[in-house]
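# Commentary on secondary and tertiary structure
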Amino acid sequence: MSQPESATADAQAGGPSVGTPTTGQEPLAKLAERYGLRRAIARPSLPVYLRQLWERRHFVMTYATSRNVSKYSNSALGQLWQVLTPMLNAAIYWLMFGVILGANKGSVSEYYPAFLITGMFVFTYTQRAVSGGAKSISGNLSLIRALHFPRAALPLAYTIQEFQQLLISMGVLVALVLATGESVTWFWLLIPVALLLQTMFNIGASLALARIGSTARDLNQLLPFIMRTWLYASGVFFSIGDKVSSPSGAGLPQWVADVMYFNPAAAYIELMRELLIAQHETRPYIWLVCVFWALFALIGGFWYFWRAEEKYGRG
Amino acid sequence: MAELTEELSRVKAEEPGVPSRDVRVHPNPEPSPASRTGTPTVIVDDLHIIYRVYGAATEAEKGNAANALLRLLKRQGRPQMKEVHAVRGVSFVAHHGDAIGIIGRNGSGKSTLLRAIAGLLPPHSGAVYTDGQPSLLGVNAALMRELTGERNIVLGCYAMGMNPTQVREKFDDIVDFSGIGEFVQFPMSTYSSGMGARLRFAIASAKAHDVLLIDEALATGDREFKRKSQQRIKQMRDEAGTVFLVAHNLDVIEETCNRVIWLHKGKIKMDGDPETVLAAYNKV
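Quick caveat: nothing in here was measured; it's all calculated off a predicted structure. Residue numbering note: each chain is counted from 1, following its sequence as written. For naming, the first written chain is A and the first written ligand is 1, with later ones following in the order written. The predicted origin of the model limits local features to residues at a pLDDT of at least 70 and limits the giving and counting of side-chain atom pairs to 80 or more, whereas totals for whole chains, interfaces and linings rest on all residues. For the side-chain quantities, the full set of heavy atoms in the structure was used; hydrogens and water were omitted.

## What about the interface of chain B and chain A?
Should any heavy atoms of two residues lie within 4.5 Å, those residues are considered in contact. Taken together, the 63 residues of chain B in the interface contact 54 residues of chain A. Of the roughly 5000 Å² buried between chain B and chain A, counting both surfaces, carbon and sulfur atoms make up 64%. For salt bridges, the criterion is a side-chain nitrogen of Lys or Arg within 4 Å of an Asp or Glu carboxyl oxygen. Inspection of the region where chain B meets chain A yields zero salt bridges. Polar contact criterion, stated in full: a pair of N or O atoms within 3.5 Å, where within protein one must be able to donate a hydrogen and the other to accept it, and residues adjacent in sequence count only if both atoms are side-chain atoms. Joining chain B to chain A, the criterion identifies four residue pairs in polar contact (both at pLDDT 80 or more). Among the secondary structure elements, those contributing two or more residues to the side of chain B that touches chain A are strand 1 (40-54), strand 2 (81-95), helix 4 (110-117), strand 4 (125-130), helix 5 (149-159), strand 8 (259-264), strand 9 (267-272) and helix 10 (274-283) of chain B. Of the residues forming the side of chain B that touches chain A, the biggest block, eleven residues, is contributed by strand 1 of chain B. Polar here means any residue outside two lists: the nonpolar Ala, Val, Leu, Ile, Met, Phe, Trp, Tyr, Cys and Pro, and the charged Asp, Glu, Lys and Arg; Gly therefore counts as polar. Residue classes in the side of chain B that touches chain A are distributed as 36 nonpolar, 13 polar and 14 charged. Pairing analysis gives two bridges linking strand 1 (residues 38-39) of chain A to strand 4 of chain B, with the strands arranged antiparallel. Note on strand 4 of chain B: the bridge partner recorded for A:Arg38 is B:Thr130. Buried surface area refers to the total accessible area, computed with a probe of radius 1.4 Å, that the two partners give up upon joining, counted for both partners together. Counting from the N terminus, the helices are DSSP H or I runs at least four residues long and the strands are E runs at least two residues long. Strands pair, by our definition, only if DSSP identifies at least two bridges between them.

## Quick look at the packing of helix 4 (residues 57-71) of chain A against helix 5 of chain B
Viewed as axis vectors pointing N to C, helix 4 of chain A and helix 5 of chain B meet at an angle of 145°, and their least axial separation amounts to 9 Å. Read as a crossing pair, helix 4 of chain A and helix 5 of chain B show a hand that is left-handed. Here A:His58, A:Phe59, A:Thr62, A:Tyr63, A:Thr65, A:Ser66 and A:Val69 of helix 4 of chain A lie close against helix 5 of chain B, whose contacting residues are B:Arg151, B:Val154, B:Leu155, B:Tyr158 and B:Ala159. Residues that form the contact of helix 4 of chain A with helix 5 of chain B fall into these classes: seven nonpolar, four polar and one charged. Angles shown run from 0 to 180 degrees and are taken between the N-to-C directions of axes, each axis being a line fitted to C-alpha atoms and, for helices, limited to the stretch in contact. By convention, the crossing between two helices is left-handed when the near helix turns anticlockwise from the far helix through less than a right angle, and right-handed when the turn is clockwise.

## A closer look at the packing of aromatic side chains
Within a pair of aromatic rings, the relevant descriptors are the distance that separates the centres and the angle that separates the planes. Residues and elements named next belong to chain A. By convention, a stacked pair of Phe, Tyr or Trp rings (six-membered ring in the case of Trp) has centres within 6.5 Å and planes under 30 degrees apart, an edge-to-face pair has planes over 60 apart, and any other such pair is tilted. In the structure shown here, the tally under the stated rule is 21 aromatic pairs over all chains. For the pair Phe-292 and Phe-296, a centre-to-centre distance of 5.5 Å together with 15° between the ring planes defines the contact as stacked. Separated by four residues within a single helix, Phe-292 and Phe-296 lie in helix 14 (residues 286-306), roughly one turn from each other. Only protein chains enter the accessibility calculation, which uses a 1.4 Å probe; a residue whose area is less than 20% of its type maximum is buried, one above 50% is exposed, and one in between is partly exposed. Among the residues examined, Phe-292 registers a relative accessible area of 39% and is labelled partly exposed. One aromatic cluster in this structure is built from Phe-201, Phe-262, Tyr-268, Phe-292, Trp-293 and Phe-296. Geometry around Trp-306 places Arg-43 over its ring, the cationic atom sitting 4.8 Å from the centre. A ring is considered to have a charge above it if a Lys NZ or an Arg CZ atom is located within 6 Å of its centre and within 35 degrees of its normal. Sitting above the plane of the Tyr-304 ring, Arg-211 keeps its charged end 4.2 Å from the centroid.

## Some words on a nonpolar patch on the surface
On the surface, A:Ile92, A:Trp94, A:Leu95, A:Met96, A:Val99, A:Ile100 and A:Leu101 cluster together into a nonpolar patch covering about 670 Å² of accessible area. Among the structural elements, A:Ile100 can be located in helix 5 (residues 81-100). For patch detection, residues must exceed 30% relative accessible area and be free of salt bridges, and they are connected within 9 Å for like charges or within 5 Å for nonpolar side chains (Val, Leu, Ile, Met, Phe, Trp, Tyr). Only the protein chains shown count as cover for residues, and the accessible areas themselves come from Shrake-Rupley with a 1.4 Å probe.

## Details of the pattern of salt bridges
What the rule picks out here adds up to six salt bridges over all chains. One salt bridge connects A:Glu310 with A:Arg43, and the closest N-O pair in it is separated by 3.2 Å. Placement of A:Glu310 in the segment after helix 14 and of A:Arg43 in the loop between strand 1 and helix 3 (46-55) is noted, with a sequence separation of 267 residues between them. With a relative accessible area of 30%, A:Arg43 lands in the partly exposed category. Connected through shared salt-bridge partners, B:Asp98, B:Arg259 and B:Asp271 make up one network.

## Re the layout of surface pockets
A 1.4 Å probe that fits but cannot get out identifies a cavity on a 1 Å grid over protein atoms alone, an open set with protein on both sides within 12 Å along at least five of seven lines counts as a pocket, and a residue lines either if it has an atom within 4 Å of a point. Grid points are joined across faces, edges and corners, and a volume is the space filled by probe spheres set on the points. Put simply, the largest pocket is a space of about 1300 Å³. Lining the largest pocket are 44 residues, with A:Gln52, A:Arg56, A:His148, A:Phe149 and B:Gln133 sitting closest to its centre. Every element with two or more residues in the lining of the largest pocket is listed here: strand 1, helix 3 and helix 4 of chain A together with strand 5 (135-136) and helix 5 of chain B.

## Observations regarding the nonpolar core
Here is a general trend for soluble globular proteins: nonpolar side chains tend to be buried in one another's company. Membership of the largest hydrophobic core comes to 78 residues, with the highest contact counts inside it found for A:Tyr63, A:Leu147 and B:Ile103. Among all residues touching B:Ile103, those that are not within four sequence positions of it are B:Lys110, B:Ala247, B:Leu250, B:Ile253, B:Val260, B:Ile261, B:Trp262, B:Leu263, B:Val277, B:Leu278 and B:Tyr281. Here the nonpolar core consists of buried residues drawn from Ala, Val, Leu, Ile, Met, Phe, Trp, Tyr and Cys, with membership extended through side-chain atoms lying within 4.5 Å.

## Here we look at the side chain of B:His48
All names here are of chain B. Along the chain, the position of His-48 falls in strand 1. A relative accessible area of 19% places His-48 in the buried class. Engagement of the side chain of His-48 in a polar contact is seen with the side chain of His-85, the distance being 3.0 Å. Only 3.4 Å separates the side chain of His-48 from the backbone nitrogen of Gly-89, close enough to count as a polar contact. In contact with His-48, not counting residues within four places along its chain, are His-85, Val-87, Arg-88, Gly-89, Pro-123, His-124 and Ser-125.

## As for unusual backbone geometry
If a residue is not glycine, its phi is most likely negative; likewise, a peptide bond is most likely trans. All names here are of chain B. Positive phi is not limited to glycine here, since Asp-46 has a value of about 45°. Judged by its relative accessible area of 19%, Asp-46 falls in the buried class. Here the phi dihedral of Lys-265 falls at roughly 50°; this positive angle occurs in a residue that is not glycine. The topology assignment puts Lys-265 in the loop between strand 8 and strand 9. Owing to a relative accessible area of 60%, Lys-265 belongs among the exposed residues under this scheme.

Written as C-alpha cells, this is what we have:
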C-alpha cells in the first residue's frame, strides 16, 4: 500500500481529517455530553457494581459448576475424583508426617491424625481459592475481551468452585475425624459459620490477588513458594504452641507464635480444630480474629478489585 | 463485481425468514428507532489502544534463562514486554440507523477498535462514548470444550447476561437453529468444526442488542447454514440501532453498510460512503 495513493484517496473522500484529534469544531467530548452518551468503559459506582454482580449470580454459579464438571470429564472415574482427591491427600499426609517423619509428638499426639487432616483440608481450601483467584483475570483475557460482566464475577466463580469442592472434602473430613475416634458435639453446629467466615476471607483474598495477578505476570511463578511458606507458617503439621513452650520445640519467642496464630490460615485452621476435636486446646480470641479477617479481606479485597474494574482486559 | 453482489443480495432477500424472535431481552426499553435516526450513538474521540505483549522475543534476545537474567540486570525492567500500538488516534461519530463497515488489512486494528467500542478494551488515551451498552456478537470464550452442548448453551446464555427464564425460552430455539440435533448431549470436543461453529453462532445470536458489533467470519459452516446465519445477522442488524461490521468480504460490506471506515495501521485512512471508500480500497 503506497503512501501517495492513500493521500489522494483522502483528498477524494474529503472526509474528516483522520488520524489526528479533531480540532476547530465542537469537541467530541462535548458532543457526547450533549447527547447524553456515556463512556463505554467507565467504572460503575460501588452499589451499582454490587447490583450488577448480583444480576450475574447465575453466570457465576454456572461457571463455577461447569469448571468443576469439565475438570474431571476426561478421567474414567469422572466426578468420583472429587471425593478421591481429598482422601488420597489425607492418606499421603498421614503417611508422611504421622508415620514416617513422626511429627505426632507434643500436646497433639493423642489426636494427631484428626489434627493433621483438619489442618490440611482447611488450608487447602484457602490455598486453592487464592491461587485460582490470582489466575482468574490473567487466565481469562479472551473472555474479558469478548463479553460484558462485572469482572469480580471471575474471582468469585473460582472461589465458589473451590467451595463446591470443599463441601465434598468436608464430608470426607467429618468421616475421617469420626473414624479417628472423635465424637459429635454441639460445637459441630458452628462448622457452617466457620466455613462462611473462611469463605468470606477467601473471596476477599482472591479478589485482591486477581487484581495483582492481572498486571504482575510473575505472580503465578511466585505463588507456589508463597503458598508453601504460608503452609509451613500456619501450623498445619505441628502445633505452633508447642514450638514455644515444649522442651522438644524450637524455642520460638512468644510473639512469633502470636503472629503465626494471627495469620488468617492458622486462625481458620485452629477454629475448625477447636470445633471438630473436643480435646483440642482453645485459643483466646479465636472467633474475633476469624471475624476480623473475614470482614477485612472481603471489604478490602472487593474495594481494591473494584478500583481497577475498567483496566482489566488490557493485560 | 457489483452485479454479482446485487444478485447475491437478491438471493438472500428471497430466502424464507428464520423463526421470529420477538422477545427483546435487553432490559432498558428505548424509543422506536425511527424517532431517533440521526442522533449520535457512538462517539470515538482520539482513541489510542496499546496492547502489552509478553514473551515477544526478537532475534537479538532469545528466550533463554541466561539472557533473561542479563536483560534483567541491564535494564531492570520487564524486558520481554512489547507494546503494540494497535489503534492510533481514531475519531468518528456514528449515528442511529448507521450500519458501518470497517475494512482494512490483517492487523490494521479492526477487531481492536471493535472491542474498544464494546468497552472491553480500556483505551490508553482518548475515549469512546456510547448510548446504551454495545455488544460484541460472539460467545466463544465462555464456552468449554469438555462440556456437553446443553451445558454450553446454558453457560453461554448466562455469560451474555440472560436470566433463567430467558435461557429456558431460548434453549429450544438455539438447538433448532444450530441443527446439531441429538449431538447437543455430547461434549463439544466431539463436534466437527462445522458443528461447533454452528452451535457457537446459534448461542451468540440468541440475544438482541442496541449497538451491535459483528466481527468477520461468523457465518461459517456448510452452505445451507451460511445462508441461514446471514439471514439471522441481517435480522439482528434490523433490530439493532447501530451496527458495526468488520469483514474482509467486501461484498457483504457493500451490500449492508451505508458508511465505510478504512483502517490502515491503526489510523483511519478513509471514512465515507461505501462506493468511494471501497473503490479507493480496491485500487491499492
